[in-house]
Amino acid sequence: KADIRVVNLECVVATKGQALDKHYTFRAHPRVLRVLQKHVDAVTLANNHSGDFGREAFAEMLGLLAQHQIAAIGGGMNLKQAHAPLILERKGLRVALLSYNEFMPRSYEADAQAPGVAWSEDLRVKDDIRNARSVHRADVVLTLMHWGWENELVANARQRQLARLAIDAGADGVLGGHPHVTQDIEIYKGKPIVYSVGNFVMKETDNERQRQGWVVRLTMNASGVTGFDTFALKIDRRGLP
């Protein structure tokens, strides 16, 4: 029933590329996009697995997402595209979505002429948020973060500093993931920070907390986020909520 539906796509969807030298590498076949297309409007790509098969595979994914009319946030064919906000208009409201990766490897970062993800440098995050309002005329700005440490139930000092920096720069809310477990929620200057929503669809879990997560619903108007709630979910042994 949501006007905008967004998930973190923590893999590369491609047929090309070679697995990088790391412990876990995730690649999905393009047929999965038909499923995503039914259920989401946009995916965030700024995470530590979207580059698992190199820049060629990442570029292929960008093209496949566009073909299936699934918008991408936090990734692009170059640095400028990776940092550009996704602007979605719903019921007269212009919503800007920005996405950043905070977790290594930084080799996935987009370059001036190379595809990749947006990295969470403080000054760049502030500039992107301000530009979303001044250049792109967004009514609401949300930042979607990939940060923190796995299995930690409370956000760390860096997460808190970066979340508050984003709101000080003009963001109306911050939503995070990566720890694979839910973390605490904070209200800062009247704006919500959900530090980690946990997992949603994931089979490779190794403890009970990794099989619990949240779907977060925000309500918004021209003044920003006016409220939010969470829907608790439990992931079964097949990895499904």
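One can find the structure itself at the top, above this paragraph.
Everything numeric here is computed off the predicted structure, so don't read it as measured data.

Student: Go over the overall build of the protein, please, and point to the residues and values.
Tutor: When its secondary structure is counted, the protein shows 5 helices and 15 strands. Structurally, the protein occupies a C-alpha span of about 45 × 40 × 35 Å along its principal axes. Here the protein holds 241 residues, and the buried ones make up 49% of them. Partitioning the contacts of the protein with sequence separation of at least 6, the portion at a separation of at least 24 is 65%. The protein carries 31 positive and 27 negative side-chain charges, and their two centres are separated by 5 Å.

Student: I'd like to hear about the layout of surface pockets, residue by residue, with values.
Tutor: Approximately 150 Å³ is the volume found for the second largest pocket. Taken together, 14 residues form the lining of the second largest pocket, with Ala 72, Ile 73, Gly 75, Gly 76 and Gln 81 sitting closest to its centre. Of the residues assigned to the lining of the second largest pocket, the class counts are 10 nonpolar, 4 polar and no charged.

Student: Give me the lowdown on the nonpolar core, citing residues and values where you can.
Tutor: Of all hydrophobic cores here, the largest spans 25 residues; its most connected members are Ile 129, Val 141, Trp 147, Val 174 and Ile 193. Put simply, the parts of the chain that give this core at least two residues each are strand S8 (93-101), helix H4 (122-134), strand S10 (140-146) and helix H5 (157-169). Top element by residues in this core is H5. It accounts for 6 residues. When near neighbours in sequence (up to four residues on either side) are disregarded, Ile 129 contacts Leu 98, Val 141, Thr 143, Ala 166, Ala 169, Gly 170 and Ala 171. By size, the runner-up hydrophobic cluster in this structure holds 22 residues, among which are Leu 33, Leu 36, Phe 58 and Leu 65.

Student: Describe the packing of H4 against H5, listing the residues and the values that go with them.
Tutor: The contact between H4 and H5 brings their axes to 8 Å, and the two run at 30°. When the interaxial angle is binned, H4 and H5 end up roughly parallel. In this structure, the crossing between H4 and H5 has a hand that is right-handed. Between H4 and H5, the contacting residues are Asp 122, Val 125, Lys 126, Ile 129 and Arg 130 on the first element and Arg 158, Gln 161, Leu 162, Leu 165, Ala 166 and Ala 169 on the second.

Student: Summarise the pairing of strand S7 (residues 86-90); cite the residues concerned and give the values.
Tutor: Two strands pair when backbone bridges link them, and S7 and S8 are joined in this way by 5 bridges, in the antiparallel orientation. Considered in S8, the bridge of Arg 90 is made with Leu 93. Joining the antiparallel neighbours S7 and S8 is a turn of 2 residues, in which Lys 91 adopts a positive phi near 55°.

Student: Mind laying out the sheet that holds S10, listing which residues take part and the relevant values?
Tutor: Reading across from one edge, S7-S8-S10-S11-S13-S12 is the order of the 6 strands in this open sheet, with mixed pairing throughout. Strand pairing shows two members of the sheet lacking a second neighbour, S7 and strand S12 (185-188), which therefore form its edges. Each adjacent strand pair in this sheet contributes to an overall mean axis angle of 20°, direction not counted. Pairing between strand S11 (residues 173-177) and strand S13 (residues 191-194): 2 bridges, direction parallel. When the bridges of S13 are listed, Leu 175 appears paired with Val 194. The strands touched by H5 are S10, S11, S12 and S13; relative to S12, the strand with the most contacts, the crossing angle is about 35°.

Student: Outline the pattern of salt bridges, supporting the account with residue identities and numerical values.
Tutor: Under the criterion given, the structure shown has 19 salt bridges. Among the ionic pairs, Asp 41 bridges to Arg 5, the shortest N-O distance being 3.2 Å. In this pair, Asp 41 is assigned in the loop between helix H1 (32-39) and strand S4 (42-44) and Arg 5 in the segment before strand S1 (6-8), connecting sequence segments 36 residues apart. Taking the shortest distance from any N to any O, the salt bridge between Glu 89 and Arg 94 comes out at 2.6 Å.

Student: Quick rundown of the sheet that holds S1? Include the residues and the values.
Tutor: The 3 strands are arranged S1-S4-S5 in an open sheet whose pairing can be described as parallel. In this open sheet, the two edge strands, each paired with only one partner strand, are S1 and strand S5 (71-73). Strand-to-strand, the axes of this sheet are offset by a mean angle of 25°, without reference to chain direction. Note: S1 against S4, 3 bridges, orientation parallel. Looking at S4, one finds that Val 7 is bridged to Val 43.

Student: Quick rundown of the pairing of strand S14 (residues 212-221)? Include the residues and the values.
Tutor: Look at any regular strand and the pattern is simple: side chains alternate between the two faces of the sheet. Relative to strand S15 (residues 224-234), S14 is paired through 10 bridges, and the arrangement is antiparallel. By the bridge assignment for S15, Arg 217 is matched with Asp 229.

Reading guide: rules and limits
Per chain, residues are indexed from 1 in the order of the written sequence. In keeping with the predicted nature of the model, local features appear solely for residues at pLDDT of at least 70, side-chain atom pairs appear and are counted solely at 80 or more, and the whole-chain, interface and lining totals rest on all residues. Here the side-chain values reflect all heavy atoms present in the structure, with hydrogen atoms and water set aside. Put simply, DSSP marks the helices as runs of H or I at least four residues long and the strands as runs of E at least two long, and each gets a number from the N terminus on. Relative accessibility decides the category of a residue: with a 1.4 Å probe and only protein chains considered, values under 20% of the type maximum give buried, values over 50% give exposed, and everything between is partly exposed. By definition, residues are in contact when any of their heavy atoms lie within 4.5 Å. Charge assignment in this entry is limited to Lys and Arg as positive and Asp and Glu as negative, and neither His nor the chain termini are counted. We put the charge of a Lys on NZ, of an Arg on CZ, of an Asp on CG and of a Glu on CD. Both cavities and pockets are sets of points on a 1 Å grid over the protein atoms alone; in a cavity a 1.4 Å probe fits but cannot get out, in a pocket the set is open with protein on both sides within 12 Å along at least five of seven lines, and lining residues sit with an atom within 4 Å of a point. Grid points are joined across faces, edges and corners, and a volume is the space filled by probe spheres set on the points. Three residue categories are used. Nonpolar comprises Ala, Val, Leu, Ile, Met, Phe, Trp, Tyr, Cys and Pro, charged comprises Asp, Glu, Lys and Arg, and polar comprises the others, including Gly. Among the buried residues, those of types Ala, Val, Leu, Ile, Met, Phe, Trp, Tyr and Cys that are joined through side-chain atoms within 4.5 Å form a nonpolar core. Axis angles are defined between N-to-C directions and span 0 to 180 degrees, where every axis is a line fitted to C-alpha atoms and, for a helix, only to the segment in contact. Should an angle lie under 35 degrees it is considered roughly parallel, over 145 roughly antiparallel, and from 65 to 115 roughly perpendicular; all remaining angles are considered oblique. For any helix crossing, the convention is left-handed if the near helix is rotated counterclockwise from the far helix by under a right angle, and right-handed if that rotation is clockwise. DSSP-based pairing: two strands are paired if at least 2 bridges between them are found. We define a salt bridge as a side-chain nitrogen of Lys or Arg found within 4 Å of a carboxyl oxygen belonging to Asp or Glu.

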